[in-house]
Amino acid sequence: MARTVAPVEENKRNTIAAGTKIKGDVICNGDIRIDGEIEGTINCKGKLVLGPEGQLKGDILCNSAEIMGKLIGKMMVQELLSVKATANIEGDIKTSRLAIEPDAIFTGTCDMGKTAPSPASKEQAIPKK
């Protein structure tokens, strides 16, 4: 008997709770909020929120993002990247629009104003330097 898998609805939100640690790549069709720790690549077709206690070591490819926690890696954000005062980012950013609050920490390079690639299937990887 063949097993069918229900399609993921784009308006659903995924949450990685505080105290949760994940090693591996995450692919989601909707939004995702990370308050735990992830080591791996995130490919999100919706909005990615990295909470104040959230930690991510890896690359991000998403539609939009709000960063409040610690990120070590590259980001490719198709639309708006909002970096809050509690954020600590080490890595390179490519985004269409950028908002950075005072007291945010950012070490790396930023390429802004050009359209970043859209989130895609798991086969598309973030280019390495």
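The structure contained in this document is the topic of the report that follows.

The rules behind the values
Counting from 1, residues in each chain are numbered in the order their sequence is written. With the structure being a predicted model, the display of local features is reserved for residues of pLDDT at least 70 and the display and counting of side-chain atom pairs for 80 or more, all residues being used for whole-chain, interface and lining totals. Side-chain measures were taken over the full set of non-hydrogen atoms in the model, leaving aside hydrogen atoms and water. Helical segments are the DSSP runs of H or I of at least four residues, strand segments are the runs of E of at least two, and each set is numbered from the N terminus. For every residue, the accessible area (1.4 Å probe, protein chains only) is compared with the maximum for its type, and the residue is labelled buried under 20%, exposed over 50%, or partly exposed between those bounds. Surface accessibility follows the Shrake-Rupley procedure with a 1.4 Å probe radius. Residue values consider only the protein chains on display as shielding. Salt bridges, as used here, are contacts in which a Lys or Arg side-chain nitrogen is within 4 Å of a carboxyl oxygen on Asp or Glu. Polar contacts, as used here, are pairs of N or O atoms within 3.5 Å; protein pairs need one atom able to donate a hydrogen and one able to accept it. Residues neighboring in sequence count only if both atoms are side-chain atoms. Only heavy atoms enter the contact rule, under which two residues are in contact if any of them lie within 4.5 Å. A strand pair is defined by DSSP finding two or more bridges across the two strands.

1. A word on the overall build of the protein chain
Then step 1. The helix and strand inventory of the protein chain stands at zero helices and 14 strands.
Then step 2. What you see in the protein chain, going N to C, is helices and strands ordered as β-β-β-β-β-β-β-β-β-β-β-β-β-β.
Then step 3. By the burial criterion, 40% of the 129 residues in the protein chain qualify as buried.
Then step 4. Entry remark: accessible area of the protein chain is about 7500 Å², with carbon and sulfur atoms responsible for 50%.

2. A few points about the environment of Asn29
Then step 1. Its place among the elements puts Asn29 in the loop between strand 3 (26-28) and strand 4 (31-34).
Then step 2. Note: C-alpha distance between Asn29 and Cys62 (33 residues apart in sequence) is 9.9 Å.

3. Remarks on the pattern of salt bridges
Then step 1. Evaluation of the coordinates by the stated rule reveals five salt bridges.
Then step 2. As a salt-bridge pair, Arg33 and Asp35 come within 2.9 Å of each other at their nearest N and O atoms.
Then step 3. By relative accessible area, which is 18% here, Asp35 ends up buried.
Then step 4. Lys84 is paired through a salt bridge with Glu101; the nearest N and O atoms lie 3.6 Å apart. With a gap of 17 residues between them, Lys84 in the loop between strand 10 (75-83) and strand 11 (88-90) and Glu101 in the loop between strand 12 (93-100) and strand 13 (105-107) connect regions that are remote in the sequence.
Then step 5. What makes Lys84 partly exposed here is its relative accessible area of 22%.
Then step 6. Judged by its relative accessible area of 34%, Glu101 is partly exposed.

4. Some words on the side chain of Ser96
Then step 1. If you trace the backbone, Ser96 turns up in strand 12.
Then step 2. For Ser96, a relative accessible area of 19% translates into the label buried.
Then step 3. Here Gln78 takes part through its backbone oxygen, which lies 2.5 Å from a polar atom of the side chain of Ser96.

5. Some remarks on the environment of Ile38
Then step 1. Topologically, Ile38 is positioned in strand 5 (residues 37-39).
Then step 2. Residue classification places Ile38 among the buried positions, given a relative accessible area of 3%.
Then step 3. Expressed as a C-alpha distance, the spacing of Ile38 and Asp25, which sit 13 residues apart in the sequence, is 8.6 Å.
Then step 4. Ile38 has contacts with Ile16, Ile22, Gly24, Val26, Gln55, Leu56 and Lys57, leaving out every residue within four places of it along the chain.

6. Overview of the pairing of strand 8 (residues 60-67)
Then step 1. For strand 8, a buried count of eight out of eight residues is recorded, marking the element as mostly surrounded by other parts of the structure.
Then step 2. Direction of pairing for strand 6 (residues 42-50) relative to strand 8: parallel, over a ladder of seven bridges. Paired with Asn43 across the bridge in strand 8 is Leu61.
Then step 3. Inspection of the sheet shows strand 8 paired to strand 10 by six bridges, in the parallel sense. Bridge pairing links Leu61 to Met76 in strand 10.

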